[in-house]
Amino acid sequence: WAGNVGELCMTYRVNYQDGTHKDIPIHVGKEISDWWNVSENADSNYRVAWSNNKNRGLFTYKWENPNPEKLIKTIDIISAENDSIPIVVAISGEVK
């Protein structure tokens, strides 16, 4: 379900209050990985957030808003519509 390494899995579209948006592409092996066979990758932007004794798990990916002065209105999750199946469990944010 993870697709091929390097392949686009999904895109987060951050929609700002002012009508502009920022697209964040999520690639297999770079910002996300296979939940069925969890492993760390030093060259990736994700980290294992949780795993069980069967090596299934969830990942975390940290994104820094390049426009912190803009209010985020909504976030869209756009599938790449390929072999990858994006699963998003949670999204959180903080004000700096």
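Here the structure is a predicted model, which is why all the values come from computation and not from measurement.

> Pulling in residues and values, what's your account of the pairing of strand β2 (residues 21-27)?
Where strand β1 (residues 8-16) lies against β2, 7 bridges are found, and the strand directions are antiparallel. In the sheet register, R13 faces β2, and the bridge partner there is D23. Linking two consecutive strands that pair antiparallel, namely β1 and β2, is a turn of 4 residues; a positive phi of about 95 degrees is found at G19 within it.

> Please set out the nonpolar core residue by residue, giving values where relevant.
Of all hydrophobic cores here, the largest spans 9 residues; its members are C9, M10, Y12, V14, Y16, I24, I26, V28 and I32. If you list the elements that add at least two residues to this core, you get β1 and β2. Here this core gets 5 residues from one element, more than from any other, and that element is β1. Setting aside chain neighbours within four positions, we find V14 in contact with T20, H21, K22, I24, W63, I72 and T74.

> Tell me about the sheet that holds strand β5 (residues 72-79), residues and numbers included.
The sheet built from 3 strands is open, its strands ordered β2-β1-β5 with antiparallel pairing. In the strand order of this sheet, the two ends are held by β2 and β5, each with one partner. Taking the axes of each pair of neighbouring strands and ignoring which way they run, one obtains an average angle of 20 degrees across the sheet. As judged from the 7 bridges shared by β1 and β5, these two strands associate in the antiparallel manner.

> I'd like a rundown of the environment of W63, residues and numbers included.
Mapped onto the fold, W63 is located in the loop between β4 (57-61) and β5. The spatial distance from the C-alpha of W63 to the C-alpha of E31 is 9.8 Å, given a sequence separation of 32 residues. Beyond its immediate chain neighbours, meaning those up to four positions away, W63 contacts V14, Y16, K22, I24 and I72.

> Tell me about a nonpolar patch on the surface, and please be specific about residues and values.
A contiguous nonpolar surface patch, about 500 Å² in accessible area, is contributed by W50, L58, I85, I87 and V89. Along the chain, V89 turns up in the segment after β5. For V89, a relative accessible area of 62% puts it in the exposed group.

> Go over the pattern of salt bridges, please, and point to the residues and values.
Opposite charge on two side chains allows them to pair when their charged atoms are near. Taken as a whole, this structure holds 3 salt bridges when the rule is applied. Two residues, D18 and K70, come together in a salt bridge whose shortest N-O distance is 3.5 Å. Taken together, the residues span a long stretch of sequence, with D18 in the loop between β1 and β2 and K70 in the loop between β4 and β5 at a distance of 52 residues. Linking K62 and E64 is a salt bridge whose minimum nitrogen-to-oxygen distance equals 3.5 Å.

Calculation criteria
Residues numbered from 1 in each chain as written. Predicted model: local features only at pLDDT ≥ 70, side-chain atom pairs only at ≥ 80, totals over all residues. Heavy atoms only, no water. Pairing = 2+ DSSP bridges. Helix = DSSP H or I, 4+ residues; strand = E, 2+ residues; numbered from the N terminus. Core = buried A, V, L, I, M, F, W, Y, C linked by side-chain atoms within 4.5 Å. Buried < 20%, exposed > 50% of the residue type's maximum accessible area, 1.4 Å probe, protein only. Contact = heavy atoms within 4.5 Å. Axes fitted to C-alpha atoms, helices over the stretch in contact; angles between N-to-C directions. Patch = residues over 30% accessible without salt bridge, like charges linked within 9 Å, V, L, I, M, F, W, Y side chains within 5 Å. Areas by Shrake-Rupley, 256 points an atom, 1.4 Å probe, with all protein chains shown as cover. Salt bridge = Lys/Arg side-chain N within 4 Å of Asp/Glu carboxyl O.

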